[in-house]
Amino acid sequence: FQHIHLPQMFSKKELSYRNKKYLEIIKQSDTIVVSSQDSLKDLKKFAPGYEKKSKILRFVSQPDDSYYQLDESDKDRLKEKYNIEDNFFYIPNQLWKHKNHMLVFEAVNLLKKDNIEISIVCSGYQDDYRNKSYVHELKSFIEKNKLNHNIKLLGLVDYKDVFTLIKFSKAVINPSLFEGWSSTVEECKSVGKNMILSDLGVHKEQYPEATFFDRYNALSLKNVLKNYSHETINYSKKVLSERTKEFADNYVEIAKEVIQTNLNK
């Protein structure tokens, strides 16, 4: 339902297509599966009455066991490979406009003006089909404000390096203006990585232990980053196993109900 919250990021043609196609799918479905309580609220507004046949299914990311074996030698390899320094914050989102990188860069610039230097490392696909100039705007902002030393755009990286960057970052940031059930947040939650998140309702639902900031206010994020200090959140493998079983049981129940509904027709 991103197009409902951020219509300015879509063409009129795509808005029309999404509204028509989504409503068609909702009407034809036996059961509607949504990823969060937050998205259920959107469904109620988008297609009133159809929330009665909806179910919430929150997926759980499964980190590779190798994450827990990462050590200082892996950190040194990472720093050399990407030419990054210690104490960096990491943003693993694609460089799409709704992911809100610009606000982070503005916060970094505000800190720099106060003679506070921090490091931001970004990875992800550097193209947005809805806004072809966006990545250029980000790079121009970095150049104009002399933030090349503070902000590194790595582009696409090996998936194993994503988890290494997560592991050794000071914190992972997701500044997004909209999310469904964020895979970035879910991956960090599964390994107990501390995060700094935009104040979306779904972020607070997904990872209430995170630190939050106003997604439209660079000063809000600046104040969070200025003196940020946070220990790893205690999400053990046992907690992950329990969450995974809960997801699996929920999935099976939804599938059984859909099958039984069709058998009774």
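Residues numbered from 1 in each chain as written. Predicted model: local features only at pLDDT ≥ 70, side-chain atom pairs only at ≥ 80, totals over all residues. Heavy atoms only, no water.

Description of the side chain of Asn-100
Position of Asn-100 relative to the elements: it lies in the loop between strand E3 (88–91) and helix H5 (101–113). Contacts of Asn-100, omitting those with residues within four sequence positions, involve Tyr-134, Pro-175, Ser-176, Leu-177 and Arg-215. (Helix = DSSP H or I, 4+ residues; strand = E, 2+ residues; numbered from the N terminus. Contact = heavy atoms within 4.5 Å.)

A short note on unusual backbone geometry
Although it is not a glycine, Asn-83 adopts a positive phi angle of roughly 55°. If you trace the backbone, Asn-83 turns up in the loop between helix H4 (72–82) and E3. Even without being a glycine, Asn-87 presents a positive backbone phi close to 60°.

Considering the nonpolar core
Judged by nonpolar contacts, the single largest core of 29 residues is most densely connected at Phe-89, Phe-105, Ile-120, Ile-173, Ile-196, Leu-221 and Leu-225. Broken down by secondary-structure element, the contributors of at least two residues to this core are E3, H5, strand E4 (119–122), helix H6 (134–144), strand E6 (171–174) and helix H10 (218–226). The residues contacting Leu-225, other than those within four sequence positions of it, are Phe-89, Ala-107, Leu-111, Ile-118, Ile-173 and Ile-196. Core analysis: the next-biggest nonpolar cluster, separate from the first, contains 22 residues, Leu-165, Val-185, Cys-188 and Tyr-207 among them. (Core = buried A, V, L, I, M, F, W, Y, C linked by side-chain atoms within 4.5 Å. Buried < 20%, exposed > 50% of the residue type's maximum accessible area, 1.4 Å probe, protein only.)

Some thoughts on a negative patch on the surface
On the surface, Asp-71, Glu-72, Asp-76 and Glu-80 cluster together into a patch of negative charge. Given the relative accessible area of 68%, Glu-80 is considered exposed. (Patch = residues over 30% accessible without salt bridge, like charges linked within 9 Å, V, L, I, M, F, W, Y side chains within 5 Å. Areas by Shrake-Rupley, 256 points an atom, 1.4 Å probe, with all protein chains shown as cover. Salt bridge = Lys/Arg side-chain N within 4 Å of Asp/Glu carboxyl O. Lys, Arg positive; Asp, Glu negative; His and termini not counted. Charge placed at Lys NZ, Arg CZ, Asp CG, Glu CD.)

Details of the pairing of strand E7 (residues 195–198)
The alternating pattern of E7 places Met-195 and Leu-197 and Ile-196 and Ser-198 on opposite faces, both of which are buried. Taken together, the 3 bridges between E6 and E7 define a ladder with parallel strand orientation. Residue Asn-174 lies in a different strand from E7, and its bridge partner there is Leu-197. Crossover handedness for the path E6 to helix H8 (residues 183–191) to E7: right-handed. Since E7 and strand E8 (residues 211–213) lie parallel, the crossover through helix H9 (residues 201–206) that links them has a hand, and here it is right-handed. (Pairing = 2+ DSSP bridges. Right-handed = clockwise from strand over helix to strand, strands pointing away.)

Here's the deal with the pairing of E4
Of the two faces of E4, both are covered, the one formed by Ser-119 and Val-121 as well as the one formed by Ile-120 and Cys-122. Relative to E4, E3 is paired through 4 bridges, and the arrangement is parallel. Looking at the pairing, Phe-89 lines up with Ile-120 of E4. Handedness of the crossover joining E3 and E4 through H5: right-handed. Bridge analysis of E4 against strand E5 (residues 151–153) gives 3 bridges, and the strand direction is parallel.

Quick notes on the packing of H4 against helix H7 (residues 159–168)
At a closest axis distance of 10 Å, the pairing of H4 and H7 adopts a crossing angle of 110°. As the angle between them shows, H4 and H7 are arranged roughly perpendicular. H4 and H7 meet at a crossing whose hand is left-handed. Residue-level inspection shows Glu-72, Asp-74, Lys-75, Arg-77, Leu-78, Lys-81 and Tyr-82 of H4 in contact with H7, the latter providing Asp-161, Thr-164, Leu-165 and Phe-168. The residue makeup of the contact of H4 with H7, split by class, is 4 nonpolar, 1 polar and 6 charged. (Axes fitted to C-alpha atoms, helices over the stretch in contact; angles between N-to-C directions. Parallel < 35°, antiparallel > 145°, perpendicular 65-115°, else oblique. Left-handed = near helix turned anticlockwise from the far one by under 90°. Nonpolar A, V, L, I, M, F, W, Y, C, P; charged D, E, K, R; others polar.)

Things to note about the side chain of Glu-187
As for its position among the elements, Glu-187 is in helix H8. There is no salt bridge for the buried Glu-187, and the closest opposite charge comes from Lys-99, which lies 11 Å off by N-O distance. The contacts of Glu-187, once residues within four sequence positions are left out, are Ser-61, Tyr-159 and Phe-163.

So yeah, pure geometry; function would need other evidence.
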